[in-house]
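One-letter residues, chain by chain:
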Amino acid sequence: MKKGFILFALLLFSAISFSQTNIVGSVVGATTNENLPDVEVVIERSNLSAMTNASGEFNFSAFEVPLGEQIVTFSKDGYISKRYPIIVNENKTLDLEVISLKVDINEENYQINTISLSDNELSSDESAADNLSGLLQASKDVFLNAAAYDFSATFFKPRGYDSQYGKVLINGIEMNKMYNGRPQWGNWGGLNDVMRNQVFTMGLSASENTFGGLAGTTNVIMRASQYQKGGRVSYASSNRSYTGRVMASYHSGLTDGGWAYSFLASRRFGEEGFNDGSLYDANSFFASVEKKINENHSLNLTAFYTPNRRGKSSPNTQEAFDLKDISYNSYWGKQDGEIRNSRIKEIEEPVIMLNHYWDISDKTKLNTNVAYQFGKTGNSRLGYDNAPNPDPTYYQKLPSYFLANPNGADYAGAYHATQSFQNDGQIDWNAMYEANIFSGGNSKYYLYEDRNDDKQLSVNTILTSDITNNITLNGSLGYKRLSSHNFANMIDLLGGSGYLDIDTFNQGDAAQNNLENPNRVLGEDDTFKYNYELDASVYNGFAQAQFNYSKVDFYVGANLEKTTYQRNGLYRNGSFENNSLGKSEELDFTTYGIKAGATYKITGRHLVTLNAAYFTDAPTLRNSFSNSRQNNSTVIGLEEETVKNVDLSYVFRSPKVKARLTGYYTKMEDASEISFYYADGISGLGRNVTTAFVQEVLTNVDKRHLGAELGIEAQVTPTIKLKGAASYGQYVYDNNPDLYLTSDDFQQELNFGKSYLKDYKIAGGPQQAYQIGFEYRDPDYWWFGATSNFFSNAYVDVSPITRTKNFYTDFDGAPFNDYDPAVARELLKQEKFDSYMLVNVVGGKSWKINEYFVGFFATINNVLDKEYKTGGFEQGRSANYRTISEDVGNQKRVFGPKYWYGYGTTYYLNVYVRF
């Protein structure tokens, strides 16, 4: 018994002695001597790693540190990594004191390059790419860098997720729009230099601030004290979205008095980019000031204002592209010799936020945030009443219309249409002015905008506490309130003196847009057509526990959220006089989520990671009201969306090779979608009429995302790196959702039952993408790289109405007597776009002159000038078997799908000075 006691005492003493073995130190910037947070500190040939905290400090107290001679590496994006030999003695704490890291000029060049490219690629209104900007420099992951840098031009979406499934935070506050759930990267353009401090969390893995989203979470840190001291001035030239950009920024760092400030100003401009007539006019302003009150409290105020105007570019039928080229844009024409685009997106939404950082103790921190976003978003377009459609691609102006003449092809008409379109093919502004003047001053043509003026308040508080050296708790409480005023605003009467605010397609009371003020004649900058408010509020709570041990890390998290929506009509619409004015019913959703994951460290080089989640989401505000512009009706059968997700990864990391292979499965259920279009061939209207402008409502929508992604890079020599990436996905509709139509042309909803979409591919970029490339980085600070990127399995967006019973029934509800199932299958076959390969090259050079860093870089994308389709959709206008059969049987399709083409060969050049 005595021997046993002695043995136990020896074991206990040994354990205590071993637990006291530790490595500590801090990391600073070599030129600024400022603390560097988020530096990865790794003990080589082990699975042990630590990150420096906000004060640049690190320690290995949570691990069983190996004894003897070891090598510790220090690495951080934008800095040159350092290897540090040490000797670890038993029962001793080794203090490395202060380690300094030098700025990697080549890496800095690369980061600026990718950020700048994203600003170009994301300038369009397509939602597909909106989540890619957050992947740029916030992650070292090889695959995600390929997706952000080289794949984004094709509207590739990692794992096929729409951007609403990615969460974007600024200083811990979620910035996704409550209306459609999407982040607004394109609205914040020109803030490149102050958006580089990002923390990216892949997928639904553990995040300190929020439950997260399927497409990951990006937290942009706009905190004055966190910017590296110094300034930058740069100029860029491009032929993509804009032609020029000038930017200047300066950061003070934390001064002796505890103050820090940062500011930025930039301007982007261009009469037209790659697409004809797509103007760009944008300014960006940013300011942040922080006061470190004492060792425990710090207060930060950040504000940015990025007003911008962008000319949109049109999707077109293949006929229009063939007559012109892939840069053709139908939205503009010349007025007095100047390009004037009819479709302008104008955004003015300032953001102000106040952040309080409280270090309650060495182990517990509380971050409380308040943000207020306000301003306007407008999307302009031409309107016309009792007058020909001014769109130069209107079907009656193209050759196909004349070739499809029921009385026989009109070749003379087709020839004249061809000549007219090829020689001009743009909006005739002068003709519209003349038509308005000759009409006696009442405008037949006018330019208006769909406006929404938003006011959003966001408040949250985030707690992080290290309970032990191995356990960390995260929690947050949040509240958001949106008040959105939506209306049509008259911009320009185009030479007329007034406009009569009625719907000319209806008669009597039904023609009145507002029965409270009928037959109103309005002027410029007046509200008309529709006018309503949307109110939304969200309360949410989040809790998470993270456990970190030498062989395994794991986490569990949960989320609870309450969402309410309500519409308040300000007009009494004549077609919906009893269901348009005043408040709608209040929609109320309670949603929740649970997630868990683990990382098993086989060795320091081999890791396996598993993540799983089950959660529900409230439908977006956009998809909750079937026709919010005209009435208070909510979507029938509206439910919370349910998401199940699991992914499994194998990660390999060594000094020379880094790789990740991931397989994933996601099931989304009970989603809703709303589309708006003019349809020809609708059955069940109750009269011998088959045309109407409709709202198409899909409910009970299920989708399945299944696939794998691979990223690998190898440092084959000190200067040459090889890299590769691959994405193989299958994204499909997983059921047959329910479909019904609403319209002011019919009082009751038209229910068409099931839309047979099961196994149709989900549109939105290629489902397969592959890359191989290399980088050469010379020690003399110049670098060059090239990639070849192959894309396939992209599909057109199918029309759900044509996959319902409406497809085979006549206007009276009876089946077509000439219906042929074999022909029908061919007509309903989903179009698959051709595969293509894009070659991109990039290079740059940097110099250090005294205390200044001077450099430039240039990129050329799509070097081989490959033409490729990035997306497209079937027109809903031809909605049944007979109308589609007739259209397909013509020499040229009149209502064929409309497409978007990617850019041809483009360049981007940036010159900068940093001090």
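Quantities reported herein were computed from a predicted structural model and do not represent experimental measurements.

Engineer: Can you walk me through the overall build of the protein chain in this structure?
Structural biologist: The secondary structure content of the protein chain amounts to nine helices and 45 strands. For 915 residues, the compact-globule formula gives about 29 Å, and the C-alpha radius of gyration of the protein chain, at 30 Å, lands near that figure. Along the longest, intermediate and shortest principal axes, the C-alpha atoms of the protein chain span 105 × 65 × 55 Å. Out of the 915 residues belonging to the protein chain, those deemed buried represent 57%. Here the protein chain has roughly 38,300 Å² of accessible surface; of this, 54% comes from carbon and sulfur atoms. When the 84 basic and 105 acidic side-chain charges of the protein chain are each reduced to a single mean position, those positions are 6 Å apart.

Engineer: What's the story with the pattern of salt bridges in this structure? I'm lost.
Structural biologist: When the charged atoms of two side chains with opposite charge come close together, those side chains can pair. Per the counting criterion, the structure on display carries 44 salt bridges. We note a salt bridge from R340 to D492, for which the minimum N-O separation is 2.9 Å. Remark: D492 occurs in strand β25 (residues 471–492) and R340 occurs in strand β20 (residues 338–341); sequence separation between them is 152 residues. Each member of the pair, R340 together with D492, is buried. With a shortest N-O distance of 3.2 Å, K601 and D553 are connected by a salt bridge. Placement of K601 in strand β31 (residues 587–601) and of D553 in strand β29 (residues 552–569) is noted, with a sequence separation of 48 residues between them. Just as K601 is buried, D553 falls in that class too. A single salt-bridge network, built from bridges that share partners, covers K644, K667, E669, R704, D734 and K758.

Engineer: Honestly, the packing of aromatic side chains in this entry has me stumped. Any pointers?
Structural biologist: Each aromatic ring pair is described using two quantities: the centre-to-centre distance and the angle formed by the ring planes. Within this structure, the stated rule accounts for 47 aromatic pairs. Consider the rings of Y372 and F374, whose centres lie 5.4 Å apart with planes at 25°: the pair is stacked. Plain terms: the ring middles of F833 and Y899 are 5.9 Å apart, the flat faces sit at 70° to each other, and that makes the pair edge-to-face. Of this pair, F833 sits in the loop between α8 (821–827) and β41 (836–849) while Y899 is found in strand β44 (residues 898–901), placing the two residues 66 residues apart along the sequence. The two residues F833 and Y899 agree in class, both being buried. A network of ring pairs unites the aromatic residues F143, F151, F156, F791, Y836 and Y868 as a single cluster. Above the ring of Y357, the side-chain terminus of R223 is found at 3.7 Å from the ring centroid. Positioned above the aromatic ring of Y331 is the side chain of R343, whose terminal nitrogen or guanidinium carbon lies 4.6 Å from the ring centre.

Engineer: Which parts of the structure should I look at to understand the side chain of N470?
Structural biologist: Within the element layout of this structure, N470 appears in the loop between β24 (445–466) and β25. If near-sequence neighbours (up to four positions away) are discounted, N470 is found in contact with A62, Q546, F547, N548 and Y549.

Engineer: Sorry, what's going on with the sheet that holds strand β11 (residues 217–220) here?
Structural biologist: Two orientations exist for strands paired in a sheet by backbone hydrogen bonds: parallel and antiparallel. Strand order in the open sheet formed by four strands is β9-β8-β11-β10, and the pairing between neighbours is mixed. Across the chains shown, the open sheet's two edge strands, defined by having one partner strand only, are β9 (173–174) and β10 (198–201). Of the strand pairs in this sheet, β10 and β11 are connected by four bridges, and their pairing is antiparallel. Residue pairing across strands places Q198 opposite V220, the latter belonging to β11.

Engineer: What exactly am I supposed to notice about unusual backbone geometry here?
Structural biologist: Leaving glycine out, the prevailing phi sign among residues is negative, and the prevailing peptide bond configuration is trans. A positive phi angle, close to 65°, is found at D670, a residue other than glycine. Relative to the helices and strands, D670 resides in strand β34 (residues 657–680).

Engineer: What's the story with the nonpolar core in this structure? I'm lost.
Structural biologist: The tendency in soluble globular proteins is for nonpolar side chains to be buried side by side. One finds L214, I682, V694 and L741 to be the most contacted residues of the largest nonpolar core, which totals 40 residues. Contributions of two or more residues to this core are made by β32 (606–617), β34, β35 (691–715), β36 (720–733), β37 (738–743), β38 (746–754), α8 and α9 (881–889). Looking at this core element by element, the count peaks at five residues for β34. Here L214 is in contact with Y161, Y165, G203, L204, F615, V643, N645, T666 and M668, once residues within four sequence places are set aside. Counting 26 residues, the second-largest nonpolar core is a separate cluster that includes A488, L522, V635 and L638.

Engineer: How do you make sense of the side chain of D535 when you look at a structure like this?
Structural biologist: Looking at the element boundaries, D535 is found in strand β28 (residues 527–548). For the buried D535, no salt bridge is present, and the opposite-charge side chain at shortest range is R481, 4.4 Å distant. Setting aside residues up to four positions removed in sequence, D535 forms contacts with R481, L482, S483, T564, Y565 and Q566.

Engineer: Where do I start with the pairing of strand β14 (residues 259–270) in this structure?
Structural biologist: Regular strands place side chains that alternate from one sheet face to the opposite one. Residue alternation in β14 divides its side chains into a buried set, A260, S262, L264, S266, R268 and G270, and an unburied set, W259, Y261, F263, A265, R267 and F269. Judged from the eight bridges that link them, strand β13 (residues 244–251) and β14 form a sheet pairing that is antiparallel. Residue pairing across strands places A248 opposite A265, the latter belonging to β14. In terms of strand pairing, β14 meets strand β15 (residues 280–292) through twelve bridges, oriented antiparallel. Its bridge partner being in β15, Y261 is matched across the sheet by V289.

Engineer: I would appreciate a short explanation of the sheet that holds strand β5 (residues 68–75) in the present structure.
Structural biologist: Taken in spatial order, the four strands of this open sheet run β3-β2-β5-β6, and their pairing is antiparallel. The two strands at the open ends of the sheet, each matched to only one other strand, are β3 (49–51) and β6 (82–88). Between one strand axis and the next, the sheet turns through 25° on average, direction left out of account. Direction of pairing for strand β2 (residues 40–43) relative to β3: antiparallel, over a ladder of three bridges. Residue pairing in the sheet places E40 in a bridge with M51 of β3.

Engineer: Is there a simple way to explain the confidence of the model for the protein chain in this structure?
Structural biologist: Low pLDDT marks regions whose predicted coordinates should not be analysed in detail. Per-residue pLDDT for the protein chain averages 89, and the proportion of residues at 70 or more is 92%. Contacts from residues 111–129, a stretch scored under 50 in pLDDT, to residues over four places away or in other chains number 68 contacts.

Engineer: Any chance you could explain α9 here in plain terms?
Structural biologist: An α-helix turns once every 3.6 residues. As a result, residues three or four positions apart point the same way. For α9, the set of buried residues is Y881, T883, I884 and D887. In this fold, the buried residues of α9 make contact with β34 and α8. Among the residues of α9, the N-terminal cap falls to N880, whose side-chain oxygen and the backbone nitrogen of R882 are separated by 3.1 Å.

Engineer: Got a minute to help me understand the environment of D492 in this structure?
Structural biologist: What makes D492 buried here is its relative accessible area of 15%. Counting along the chain gives 46 residues from D492 to Y446, while the straight-line C-alpha distance between them is 5.9 Å. Among the polar contacts made by the side chain of D492, one reaches the side chain of R340 at a distance of 2.9 Å.

Definitions and cut-offs
Residues numbered from 1 in each chain as written. Predicted model: local features only at pLDDT ≥ 70, side-chain atom pairs only at ≥ 80, totals over all residues. Heavy atoms only, no water. Helix = DSSP H or I, 4+ residues; strand = E, 2+ residues; numbered from the N terminus. Rg over C-alpha atoms; globule rule 2.2 N^0.38 Å. Buried < 20%, exposed > 50% of the residue type's maximum accessible area, 1.4 Å probe, protein only. Areas by Shrake-Rupley, 256 points an atom, 1.4 Å probe, with all protein chains shown as cover. Lys, Arg positive; Asp, Glu negative; His and termini not counted. Charge placed at Lys NZ, Arg CZ, Asp CG, Glu CD. Salt bridge = Lys/Arg side-chain N within 4 Å of Asp/Glu carboxyl O. Phe/Tyr/Trp six-rings, centres within 6.5 Å; stacked < 30°, edge-to-face > 60°. Lys NZ or Arg CZ within 6 Å of the ring centre and 35° of its normal. Contact = heavy atoms within 4.5 Å. Pairing = 2+ DSSP bridges. Core = buried A, V, L, I, M, F, W, Y, C linked by side-chain atoms within 4.5 Å. Axes fitted to C-alpha atoms, helices over the stretch in contact; angles between N-to-C directions. pLDDT = per-residue confidence, 0-100. Polar contact = N/O pair within 3.5 Å; in protein donor to acceptor, adjacent residues only side chain to side chain.

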